[in-house]
Amino acid sequence: QVQLVESGGGLVQPGGSLRLSCLASGSIFSIATMGWYRQASGKQRELVAAITSGGRTNYADSAKGRFTISRDNAKNTVYLQMNSLNAEDTAVYYCKHVLVRASGIYEYWGQGTQVTVSS
(Lines give C-alpha, C1' and ligand atoms only; values in the text may rest on other atoms or scores of the structure.)
Protein backbone atom coordinates (compact mmCIF):
# COMPACT_ATOMS: atom_id res chain seq x y z
CA GLN A 1 0.00 0.00 0.00
CA VAL A 2 1.38 3.35 -1.04
CA GLN A 3 1.04 6.32 1.28
CA LEU A 4 1.62 9.87 0.11
CA VAL A 5 2.18 12.82 2.42
CA GLU A 6 2.17 16.32 0.98
CA SER A 7 3.71 19.32 2.68
CA GLY A 8 4.74 22.87 1.92
CA GLY A 9 1.39 24.52 1.42
CA GLY A 10 0.38 27.74 3.10
CA LEU A 11 -0.51 31.37 2.65
CA VAL A 12 1.57 33.40 0.23
CA GLN A 13 1.23 36.85 -1.28
CA PRO A 14 0.65 37.33 -5.00
CA GLY A 15 3.93 37.06 -6.85
CA GLY A 16 5.40 34.82 -4.18
CA SER A 17 6.71 31.27 -4.30
CA LEU A 18 6.10 27.97 -2.57
CA ARG A 19 7.61 24.53 -2.90
CA LEU A 20 5.39 21.56 -2.32
CA SER A 21 6.79 18.15 -1.41
CA CYS A 22 5.22 14.72 -1.58
CA LEU A 23 6.85 11.84 0.23
CA ALA A 24 5.88 8.35 -0.89
CA SER A 25 6.18 5.33 1.34
CA GLY A 26 5.50 1.72 0.51
CA SER A 27 6.20 2.53 -3.10
CA ILE A 28 8.41 1.35 -5.92
CA PHE A 29 8.88 5.05 -6.35
CA SER A 30 11.51 4.96 -9.06
CA ILE A 31 9.15 3.40 -11.61
CA ALA A 32 6.07 5.41 -10.74
CA THR A 33 4.69 8.37 -12.59
CA MET A 34 4.04 11.20 -10.16
CA GLY A 35 1.70 14.10 -10.58
CA TRP A 36 0.44 17.20 -8.87
CA TYR A 37 -3.23 18.08 -9.17
CA ARG A 38 -5.25 20.87 -7.66
CA GLN A 39 -8.85 21.51 -6.83
CA ALA A 40 -10.17 24.99 -6.25
CA SER A 41 -13.39 25.56 -4.37
CA GLY A 42 -16.36 24.71 -6.55
CA LYS A 43 -14.19 23.39 -9.38
CA GLN A 44 -13.07 20.02 -10.63
CA ARG A 45 -9.69 18.61 -9.81
CA GLU A 46 -7.20 19.36 -12.55
CA LEU A 47 -3.71 18.28 -13.50
CA VAL A 48 -0.99 20.80 -12.74
CA ALA A 49 2.14 18.85 -13.65
CA ALA A 50 3.38 15.30 -13.98
CA ILE A 51 6.73 13.57 -14.23
CA THR A 52 7.43 10.07 -15.47
CA SER A 53 9.94 7.61 -14.07
CA GLY A 54 12.27 8.68 -16.87
CA GLY A 55 11.96 12.34 -15.97
CA ARG A 56 9.68 13.45 -18.78
CA THR A 57 7.45 16.28 -17.62
CA ASN A 58 4.04 17.59 -18.61
CA TYR A 59 2.45 20.84 -17.48
CA ALA A 60 -0.95 22.45 -17.62
CA ASP A 61 -0.93 25.63 -19.67
CA SER A 62 -1.56 27.62 -16.49
CA ALA A 63 1.62 26.19 -14.95
CA LYS A 64 4.01 26.49 -17.85
CA GLY A 65 6.83 28.92 -17.19
CA ARG A 66 5.92 29.33 -13.52
CA PHE A 67 5.91 25.84 -11.97
CA THR A 68 8.55 23.14 -12.04
CA ILE A 69 8.01 19.53 -11.11
CA SER A 70 10.97 17.40 -10.09
CA ARG A 71 11.67 14.15 -8.30
CA ASP A 72 14.34 12.68 -6.07
CA ASN A 73 14.17 8.92 -6.33
CA ALA A 74 16.66 8.48 -3.52
CA LYS A 75 14.26 10.30 -1.20
CA ASN A 76 11.03 8.93 -2.68
CA THR A 77 9.91 12.51 -3.04
CA VAL A 78 8.36 14.63 -5.77
CA TYR A 79 8.43 18.39 -5.64
CA LEU A 80 6.46 21.23 -7.17
CA GLN A 81 8.22 24.57 -7.22
CA MET A 82 5.65 27.31 -7.76
CA ASN A 83 6.70 30.83 -8.66
CA SER A 84 4.81 33.98 -9.58
CA LEU A 85 1.75 32.76 -7.75
CA ASN A 86 -1.56 34.50 -8.22
CA ALA A 87 -5.02 34.24 -6.72
CA GLU A 88 -6.11 31.74 -9.38
CA ASP A 89 -3.55 29.30 -7.99
CA THR A 90 -5.44 29.09 -4.70
CA ALA A 91 -6.53 25.47 -4.27
CA VAL A 92 -5.91 22.25 -2.46
CA TYR A 93 -2.95 20.57 -4.11
CA TYR A 94 -2.84 16.79 -4.29
CA CYS A 95 -0.04 14.41 -5.09
CA LYS A 96 -0.84 11.39 -7.25
CA HIS A 97 1.18 8.22 -7.67
CA VAL A 98 0.59 5.97 -10.67
CA LEU A 99 2.12 2.56 -11.02
CA VAL A 100 1.65 0.50 -14.16
CA ARG A 101 2.20 -3.21 -13.63
CA ALA A 102 1.29 -6.32 -15.58
CA SER A 103 -1.51 -6.83 -13.08
CA GLY A 104 -3.04 -3.43 -13.68
CA ILE A 105 -2.76 0.31 -13.11
CA TYR A 106 -2.57 1.41 -9.50
CA GLU A 107 -3.33 4.98 -8.47
CA TYR A 108 -2.87 6.57 -5.07
CA TRP A 109 -3.61 10.05 -3.79
CA GLY A 110 -2.29 12.11 -0.94
CA GLN A 111 -4.51 13.96 1.49
CA GLY A 112 -3.83 17.35 -0.05
CA THR A 113 -2.21 20.56 1.08
CA GLN A 114 -3.88 23.96 0.95
CA VAL A 115 -2.28 26.76 -1.03
CA THR A 116 -3.78 30.21 -0.57
CA VAL A 117 -2.55 33.18 -2.55
CA SER A 118 -3.77 36.40 -1.05
CA SER A 119 -2.55 39.79 0.04
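These remarks concern the structure in this document.

Rules used in this analysis
- Residues numbered from 1 in each chain as written.
- Predicted model: local features only at pLDDT ≥ 70, side-chain atom pairs only at ≥ 80, totals over all residues.
- Heavy atoms only, no water.
- Buried < 20%, exposed > 50% of the residue type's maximum accessible area, 1.4 Å probe, protein only.
- Helix = DSSP H or I, 4+ residues; strand = E, 2+ residues; numbered from the N terminus.
- Pairing = 2+ DSSP bridges.

1. Details of the pairing of strand β9 (residues 91-101)
No. 1: Burial analysis of β9 places eight of its eleven residues in the buried class, which makes it a mostly covered element.
No. 2: With seven bridges connecting them, strand β4 (residues 33-39) and β9 associate as antiparallel partners. Opposite Met-34, over in β9, you have His-97 as the bridge partner.
No. 3: Pairing of β9 with strand β11 (residues 113-117), which is carried by three bridges, proceeds in the antiparallel orientation. By the bridge assignment for β11, Val-92 is matched with Gln-114.
No. 4: The antiparallel hairpin formed by β9 and strand β10 (residues 104-109) contains two residues in its connecting segment.

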